[in-house]
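Close look at the chain arrangement
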Amino acid sequence: MGELKDAALYLIPVTLGGSDVCRVLPGYNHDVVRSLRHFIVENVRSARRFLKLVDKAIDIDALTFRELNEHTDLSGISHYLDPLEKNGESIGIISEAGCPAVADPGAAVVELAQRKGLRVIPLVGPSSIIMAVMASGFSGQSFAFNGYLPVKDGERAAKLRKLEGRAWSEDQTQLFIEAPYRNMKMLGAILAACRGDTRLCVAAGLTTEQEWVRTKKVADWKKLPPAELAAALNKIPAIFLLYRG
């Protein structure tokens with residue numbers, strides 16, 4: 001493995017579901033990955049699989065992995081940065097999909113690195129949030145990512161109406177996500193709660209063979225065949241965007 005010029009915490013984007021890392025990720029990222037021996041990952045199994053996609057010759061057994069996800073006790077992660085802080089050895093962060101630390105548990109260790117004054121280097125890669133804004137036709141000057149909305153029907157409907165109101169009153173694109181297996185339920189909730197002239201974009205399967213992006217007014221979404229929507233959205237990672245008409 002080659003040596004990196006700068007010892008740092010490298011934030012390494014991964015694909016959004018496809019396996020063609022050469023098409024989605026810059027060559028420099030591959031060089032960084034090959035140079036690292038220490039990784040902080042959301043899931044060890046998927047991280048190992050990603051590393052093998054980058055380079056089959058990588059000796060996975062020679063690497064160290066520390067897991068950081070929603071089950072991790074954050075009070076015990078300070079030693080995760082020991083290779084960098086004590087030995088000057090770079091560390092890579094790998095998420096399950098997309099960019100580390102964006103709607104991702106990796107943000108906790110990045111915050112820790114910043115507090116310790118350690119160098120943090122974000123690498124270029126696919127962000128479904130940014131790509132969805134790009135493809136929607138909505139405002140890219142002002143937008144807000146709201147993560148997951150409430151699961152309970154009444155609370156979710158109230159939140160949707162609040163986001164819709166913000167899109168109209170503040171001229172701000174509102175983004176949110178749902179678990180892929182609940183995409184159709186979320187779409188139904190949006191169509192039931194929002195005004196007919198509000199615009200909705202759904203961006204699913206970005207950068208993969210299943211990529212599907214549509215922007216229509218809510219009233220027009222209601223006219224689409226349910227079977228077509230289910231084929232495009234069911235169990236496929238998606239981002240929902242609301243904007244004024």
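Residues numbered from 1 in each chain as written. Predicted model: local features only at pLDDT ≥ 70, side-chain atom pairs only at ≥ 80, totals over all residues. Heavy atoms only, no water.

**Here's the deal with the overall build of the protein**
What the protein contains, in helices and strands, is ten helices and ten strands. The buried share of the protein, reckoned over its 245 residues, is 48%. Considering only intrachain contacts with a sequence separation of at least 6, the fraction spanning at least 24 residues in the protein is 74%. Put simply, the protein shows about 12200 Å² of open surface, and 50% of that area lies on carbon and sulfur atoms. Put simply, the protein has 31 plus and 28 minus side-chain charges, and the middle of one group is 6 Å from the middle of the other. (Helix = DSSP H or I, 4+ residues; strand = E, 2+ residues; numbered from the N terminus. Buried < 20%, exposed > 50% of the residue type's maximum accessible area, 1.4 Å probe, protein only. Contact = heavy atoms within 4.5 Å. Areas by Shrake-Rupley, 256 points an atom, 1.4 Å probe, with all protein chains shown as cover. Lys, Arg positive; Asp, Glu negative; His and termini not counted. Charge placed at Lys NZ, Arg CZ, Asp CG, Glu CD.)

**Comments concerning the nonpolar core**
If you look at the biggest cluster of nonpolar residues, it comprises 26 residues, and the most contacted ones within it are Leu160, Phe176, Ile190, Leu200, Val202, Trp221 and Leu242. Put simply, the parts of the chain that give this core at least two residues each are helix H7 (153-170), helix H8 (183-193), strand S8 (199-204), helix H9 (218-221), helix H10 (226-233) and strand S10 (238-243). Here this core gets six residues from one element, more than from any other, and that element is H8. Ranked by size, the runner-up nonpolar core spans 23 residues in total, among them Ile12, Val21, Val32 and Phe65. (Core = buried A, V, L, I, M, F, W, Y, C linked by side-chain atoms within 4.5 Å.)

**Some words on the environment of isoleucine 77**
Mapped onto the elements, isoleucine 77 comes out in the loop between strand S3 (64-67) and helix H4 (82-87). Residue isoleucine 77 is classed as buried on the basis of its relative accessible area of 5%. In the structure, isoleucine 77 is positioned 32 residues away from valine 109 in sequence and 7.3 Å away in space, judged by C-alpha atoms. Sequence-distant contacts of isoleucine 77, defined by excluding residues within four places in its chain, comprise Leu68, Thr72, Ala108, Val109 and Leu112.

**What to know about unusual backbone geometry**
Non-glycine residue aspartate 171 carries a positive phi angle of around 55 degrees. Among the secondary structure elements, aspartate 171 is positioned in the loop between H7 and strand S7 (173-177). Residue lysine 235 is not a glycine yet carries a positive backbone phi of 65 degrees. Looking at the element boundaries, lysine 235 is found in the loop between H10 and S10.

**Focus on the sheet that holds strand S6 (residues 143-148)**
Strand pairing in a sheet is mediated by backbone hydrogen bonds. Such pairs are either parallel or antiparallel. Taken in spatial order, the five strands of this open sheet run S6-S7-S10-S8-S9, and their pairing is mixed. Among the strands making up the open sheet, the edge pair consists of S6 and strand S9 (212-217). The sheet shows a mean angle of 15 degrees between the axes of neighbouring strands, direction not considered. Here four bridges tie S7 to S10, and the two strands are oriented antiparallel to one another. Paired with phenylalanine 176 across the strands is phenylalanine 240, a residue of S10. In this fold H10 packs onto S8 and S9, with an angle of close to 140 degrees to the strand it touches most, S9. (Pairing = 2+ DSSP bridges. Axes fitted to C-alpha atoms, helices over the stretch in contact; angles between N-to-C directions.)

**Points about the sheet that holds strand S1 (residues 9-12)**
One open sheet holds the five strands; their spatial order is S3-S2-S4-S1-S5, and the pairing between them is parallel. Each edge of the open sheet is held by one strand with a lone partner, namely S3 and strand S5 (120-122). Each strand of the sheet is rotated relative to its neighbour by a mean of 25 degrees, with strand direction disregarded. Taken together, the four bridges between S1 and strand S4 (residues 91-94) define a ladder with parallel strand orientation. Residue leucine 11 lies in a different strand from S4, and its bridge partner there is isoleucine 93.

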